[in-house]
Amino acid sequence: MRLEAAARMDLFRKLWRARKLILVVFIPLSLLPLPLIHPTSEACCAYVLMVTAVYWVSEAVPLGAAALVPAFLYPLFGVLKSSEVAAEYCKDTTLLLMGVICLAASIEKWNLHKRIALRMVMIAGAKPGLVLGFMCCTVFLSMWLSNTSTTAMVMPIAEAVLQQLICTVEIEIPNVKRVKMRRDSQYPTKRDHMICKCLSLSITYAATIGGLITITGTSTNLIFAEQFNRYPDAKVINFGTWFIFSFPIAIIMLVLTWLWLHFLFLGCFRETCSLSKKRKTRREMLSERRIHEEYAKLGPIYPEVVTGVFFILMTLLWFTREPGFVPGWTSLFEKGYRTDATVSVLLGFLLFLIPARRPFSSSSCCKNSDDSESDPLAPMITWKDFQRLMPWEIVILVGGGYALAAGCKVSGLSVWIGRQLEPMSGLPPWAVTLLACLLVSAVTEFASNPATLTVFLPILSALSETLHINPLHTLIPSTMCVSFGVMLPVGNPPNAIVFSYGHVQIRDMVKAGFGVNLIGVAVVMLAITTWGVPLFNLTEFPAWALARNVTGSL
């Protein structure tokens, strides 16, 4: 009996190790009767959509590899030609992302992000405003860099400050009684552990909030932007309109998240926010000294100035391209040829040409690059710098989403899905949007954000067209809420980075993340029902959506 039990356990272990391979083989075979029994273009497209969606959600294969499934299944089933599918994998947003990554590479290479972060923390000081200071600088950086990169940059700075605080307490209170809990032995007091938890989680949440502000702030925003290009006559989404809508959301979420974390881990504000303490404690002075020492190590500033100028120039050109309330600079040229990608690629290209050393300077000012020491004309960034940061997996993932959307449109599957959702026509628009937000924010806790949004956007587009709701009423809130996968370490990479430092446990992330999730959904719903209405004219079913709906029905 023991041998049989051991054999069964060994078999189960082998099956568990091979579960992904089993899933990769089982799912296509189990769904194959659908296109065989119903050999229509809609059924074939649905088969490809379901196989790709299961691969994405289960992560049985890498996300980028799963995104290539439409590239060979659509031609095999006769849904789209191979050349038509291939054209979907490189769009305008791909070039936009490449230009932004060039700027991000320059920011990271010359430590502009670190200078900004340290300067903002120096302004906030080592008082309770320290958490808010870290959150503000994280939000700002995450507007332009990926959430993962921002968290990876800011956490080491925060960790250095936290370790300084802990060491200082041990100096001040050598006989302090330690908290008798697992993982807590490194903390002199329970309050120090709570401070570490609060600051660590505040950084991952701030990175998520910052990614909402700009259309390039996170990959899910780019997925939405290209998905929305399926409405060719819609000219309502650009860098400026997205920023105007999302910036108040980020500010409100930032303040409420800070208050929630402070209340959850540090208690009331009476003690921590008291302004009566005029003299700084020893721990505050040592923490501020540590921050100033890190700031002094940054060295020459010339490459950072050049990067900062490019950063400001790119932002201004994005804002003024088509601001809406006044003619933009594109009105000087023939209409329809220039987009935000034009600006980002142009400035990104120039970063490969402009020397990183100050002109006519005999001394080297570029300590971050060995090439700059030997070559006075070495550029701000090299191709290796760009290649190191370029998220090619996200590019292919986004392309796979475009290919799926194109197949749904050509095959008529999107129209069929819309007809099945007609029973929801009795619901008001805000209720439909709320259901969509709650659904995507729940699914994204267990699946990757880009994969979740790529699956849901075509369905929500078809739903909006069927119910004659402005598609932006559901697409924009869903795009924002898909970023709120903040309750588990597997929810998104920033969560995993913060969790790896060991200050927080899963129950801390679940408890804090649940509150942040509710705050996010509530604020997004407030935005889409108030200032989003006049900004995007959400009270009417737009002509550009009606035209596409009629075309798709034909």
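Residues numbered from 1 in each chain as written. Predicted model: local features only at pLDDT ≥ 70, side-chain atom pairs only at ≥ 80, totals over all residues. Heavy atoms only, no water.

(A) Examining the pattern of salt bridges more closely. Within this structure, the stated rule accounts for four salt bridges. Its salt-bridge partner being Glu-108, residue Arg-388 comes within 3.9 Å of it at the nearest N-O pair. Of this pair, Arg-388 sits in helix H20 (residues 383-389) while Glu-108 sits in helix H8 (residues 92-109), placing them 280 residues apart in sequence. Residue class for Glu-108 comes out buried when judged on its relative accessible area of 17%. For Glu-304, the salt bridge identified is with Arg-115, shortest N-O distance 2.4 Å. Of this pair, Glu-304 sits in helix H17 (residues 302-321) while Arg-115 sits in helix H9 (residues 112-124); the two residues are 189 residues apart in sequence, bridging distant segments of the chain. (Salt bridge = Lys/Arg side-chain N within 4 Å of Asp/Glu carboxyl O. Helix = DSSP H or I, 4+ residues; strand = E, 2+ residues; numbered from the N terminus. Buried < 20%, exposed > 50% of the residue type's maximum accessible area, 1.4 Å probe, protein only.)

(B) Looking closely at helix H12 (residues 190-211). Compared with the 32 Å implied by 1.5 Å per residue over 22 residues, the 32 Å span of H12 between its first and last C-alpha is a close match. The element H12 is extensively covered by neighbouring structure, given that 19 of its 22 residues are classed as buried. (Expected span 1.5 Å × (residues − 1).)

(C) Broad picture of the UniProt feature "transmembrane region" (unreviewed entry) in the protein. Look at the UniProt record and you will see "transmembrane region" (unreviewed entry) annotated at residues 53-74, 116-141, 194-216, 236-269, 299-319, 394-417, 429-447 and 514-536. As a span, residues 394-417 carries 96% helix and 0% strand, and end to end its C-alpha atoms are 27 Å apart. (UniProt positions renumbered as here; feature names shortened; annotations may be inferred.)

(D) Spatial organisation of the side chain of Ser-411. By the secondary structure assignment, Ser-411 is in helix H21 (residues 392-411). Judged by relative accessible area, which is 6%, Ser-411 ranks as buried. From its side chain, Ser-411 meets the backbone oxygen of Gly-407 in a polar contact 2.7 Å long. With near-sequence residues (within four places) excluded, Ser-411 lies in contact with Ser-41, Glu-42, Cys-45 and Val-79. (Polar contact = N/O pair within 3.5 Å; in protein donor to acceptor, adjacent residues only side chain to side chain. Contact = heavy atoms within 4.5 Å.)

(E) The packing of H8 against helix H13 (residues 219-228), seen in detail. H13 packs onto H8 with a crossing angle of 150 degrees between their chain directions and a minimal axis gap of 9 Å. By the angle between their directions, the pair H8 and H13 is classed as roughly antiparallel. As for how H8 packs across H13, the hand of that crossing is right-handed. Contacts from Asp-92, Thr-93, Leu-96 and Leu-97 in H8 reach Leu-222, Ala-225 and Glu-226 in H13. Here the residues of the contact of H8 with H13 sort into four nonpolar, one polar and two charged. (Axes fitted to C-alpha atoms, helices over the stretch in contact; angles between N-to-C directions. Parallel < 35°, antiparallel > 145°, perpendicular 65-115°, else oblique. Left-handed = near helix turned anticlockwise from the far one by under 90°. Nonpolar A, V, L, I, M, F, W, Y, C, P; charged D, E, K, R; others polar.)

(F) Highlighting a nonpolar patch on the surface. A contiguous nonpolar surface patch, about 600 Å² in accessible area, is contributed by Met-9, Leu-11, Phe-12, Leu-15, Ile-22 and Phe-26. Counting only elements with at least two residues in the nonpolar patch, the list comes to helix H1 (2-17) and helix H2 (19-31). Considering every element that reaches the nonpolar patch, the biggest residue donor is H1, with four residues. (Patch = residues over 30% accessible without salt bridge, like charges linked within 9 Å, V, L, I, M, F, W, Y side chains within 5 Å. Areas by Shrake-Rupley, 256 points an atom, 1.4 Å probe, with all protein chains shown as cover.)

(G) Layout of the layout of surface pockets. What the largest pocket holds in volume is close to 970 Å³. Lining of the largest pocket is provided by 36 residues; of these, Lys-235, Ile-237, Asn-238, Arg-321 and Glu-322 occupy positions nearest its centre. Residue assignment for the lining of the largest pocket shows that the elements contributing at least two residues are H8, H13, helix H14 (239-266) and helix H18 (340-351). By residue class, the composition of the lining of the largest pocket is 18 nonpolar, 10 polar and eight charged. (1 Å grid on protein atoms, 1.4 Å probe; cavity = no way out; pocket = protein on both sides within 12 Å on 5 of 7 lines; lining within 4 Å. Points joined across faces, edges and corners; volume = space filled by probe spheres on them.)

(H) Molecular detail of the nonpolar core. Ranked by internal contacts, the top residues of the largest apolar core, which has 150 residues, are Trp-56, Phe-134, Phe-224, Phe-228 and Leu-472. Looking at this core element by element, the count peaks at 12 residues for H14. When residues no more than four places from it in sequence are discounted, the contact partners of Phe-224 are Ile-215, Ile-237, Trp-242, Leu-453, Leu-457, Leu-472, Leu-475, Ile-476 and Thr-479. (Core = buried A, V, L, I, M, F, W, Y, C linked by side-chain atoms within 4.5 Å.)

(I) Representation of empty space enclosed by the protein within the structure. Per the counting criterion, the structure on display carries five cavities of 30 Å³ or more. In this structure, the largest cavity spans a volume of roughly 60 Å³. As for the largest cavity, its lining consists of Thr-93, Thr-94, Leu-97, Leu-222, Ile-394, Val-395, Val-398 and Tyr-402. Of all the elements in the fold, those that place two or more residues in the lining of the largest cavity are H8 and H21. The element best represented in the lining of the largest cavity is H21, accounting for four residues. Taken together, the residues of the lining of the largest cavity sort by class into six nonpolar, two polar and no charged.

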